[in-house]
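Take a look at the letters that make up each chain.
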Amino acid sequence: MALVPFPGPQSGAYQPDLDDDEDGAAGKMSFLEHLDELRKRIVQACLGVAVGVLVGFAFIAPIFDFILKPTIRVLPAGSRMIYTQPGEAFGLYVQIGLIVGVVLATPWIMYQVWLFIAPGLYANEKKLAIPFVLMSTLGFIVGAGFNHFIIFPVMISFFASFNTSDLVFMPRLEDVFDLYAKMLIGMGLVFQMPTIIYFLAKMRLVTAGFLWKHTKYAILIIFIVAAVITPTGDMITQTIFAAPMLGLYALSILIAWLVAPKREIG
């Protein structure tokens, strides 16, 4: 029986990529190892937030004025914001410090998210770490700015418009801030849509053609999501939330078209 020799280093036979094998082995983690990795990333993210909170408290007074400015601007003449609990104003300062800490630590948090999902990715996909951190951070910051300068002022002006000679708009401090914080987080998450589509398109999981063909379903889902994340139950607020999501979906189609090879667009 003739023996077939194994291909040597000089032969033209296919040689497996050792780096890919090592990446594959690194990506195979047990359930407990995944939990341990998740714990590490959460701890690191919390440490980053703690540092951000300390920085935020150093500038808490101007930040406090900045956050409340849209509401103070629409108060009727002679009216002012109130608080009814002894520790309410102090608690608000603490909450603002936490939000500032999260915003400042966003790049670090997103980096920890990437480190958690990276073991399950191929070597070429791991190179997307820097774009992921930059785009997700930019998306959150733009969403927070969009909320502060556009969405929240429009909404608080709408609520203040019911002020009459018999009704005086004197909003409670905690109620205003709770609404502001929920809208800020909601907009920060909504503005992650282009980032998510970018990476899905990079990984060939979605195409511009797929997104375009399913636009009517996307519109339905967007209004459902807007109804869920809207802090109040009125249609005005839901529409305000849905409008930027529709615009971001259109932007996501463009991003997918730019990322994917042209032969995959149809």
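Everything discussed here concerns the structure shown above.
All figures in this text were calculated on a predicted structure; none of them were measured in a lab.

A.B. asks: Give me the lowdown on the packing of aromatic side chains, citing residues and values where you can.
C.D. replies: Under the defined criterion, the tally for this structure stands at eleven aromatic pairs. Where F64 meets Y93, the ring centres are 4.6 Å apart and the plane angle is 5°; that geometry is what we call stacked. With F64 in helix α3 (residues 60-73) and Y93 in helix α4 (residues 88-104), this residue pair connects regions lying 29 residues apart in the sequence. A residue is classified by how much of its surface remains accessible, and F64, at 13% relative accessible area, is buried. Pairing Y198 with F199 gives two aromatic rings, centres 5.0 Å apart and planes at 90°, and the pair type is edge-to-face. By relative accessible area, Y198 is classed as buried at 16%. Within the aromatic cluster, the residues linked to one another by ring pairs are W114, F132, Y198 and F199.

A.B. asks: Give me the pattern of salt bridges: which residues, what numbers.
C.D. replies: In the structure shown here, the tally under the stated rule is six salt bridges. With a closest N to O distance of 2.8 Å, E37 and R41 form a salt bridge. One end of the pair is E37 and the other is R41, both in helix α2 (residues 31-58) and four residues apart, which spans about a single turn. Several salt bridges share partner residues, and in doing so they unite E88, R172, E174 and D175 into one network.

A.B. asks: I'd like a rundown of the layout of surface pockets, residues and numbers included.
C.D. replies: Roughly 330 Å³ of volume is contained in the largest pocket. Along the walls of the largest pocket sit 17 residues, with M193, I221, I222, V225 and M245 positioned nearest its centre. Those elements that place two or more of their residues in the lining of the largest pocket are α8 (173-190), α9 (193-202), α10 (208-213), α11 (215-229) and α12 (235-259). Of the residues assigned to the lining of the largest pocket, the class counts are 14 nonpolar, three polar and no charged. There is about 260 Å³ of room inside the second largest pocket. Lining of the second largest pocket is provided by 14 residues; of these, F66, V100, V103, Y180 and L184 occupy positions nearest its centre. Of all elements in the fold, only α3, α4, α7 (129-160) and α8 reach the threshold of two or more residues within the lining of the second largest pocket. When residues in the lining of the second largest pocket are grouped by element, the largest group, five residues, is from α7.

A.B. asks: If you had to explain the side chain of Q192 to someone new, which residues and values would you point to?
C.D. replies: Relative to the helices and strands, Q192 is located in the loop between α8 and α9. If near-sequence neighbours (up to four positions away) are discounted, Q192 is found in contact with S136, G139 and F140.

How each quantity is defined
- Residues numbered from 1 in each chain as written.
- Predicted model: local features only at pLDDT ≥ 70, side-chain atom pairs only at ≥ 80, totals over all residues.
- Heavy atoms only, no water.
- Phe/Tyr/Trp six-rings, centres within 6.5 Å; stacked < 30°, edge-to-face > 60°.
- Helix = DSSP H or I, 4+ residues; strand = E, 2+ residues; numbered from the N terminus.
- Buried < 20%, exposed > 50% of the residue type's maximum accessible area, 1.4 Å probe, protein only.
- Salt bridge = Lys/Arg side-chain N within 4 Å of Asp/Glu carboxyl O.
- 1 Å grid on protein atoms, 1.4 Å probe; cavity = no way out; pocket = protein on both sides within 12 Å on 5 of 7 lines; lining within 4 Å.
- Points joined across faces, edges and corners; volume = space filled by probe spheres on them.
- Nonpolar A, V, L, I, M, F, W, Y, C, P; charged D, E, K, R; others polar.
- Contact = heavy atoms within 4.5 Å.

What is shown is where atoms sit, not what they do.
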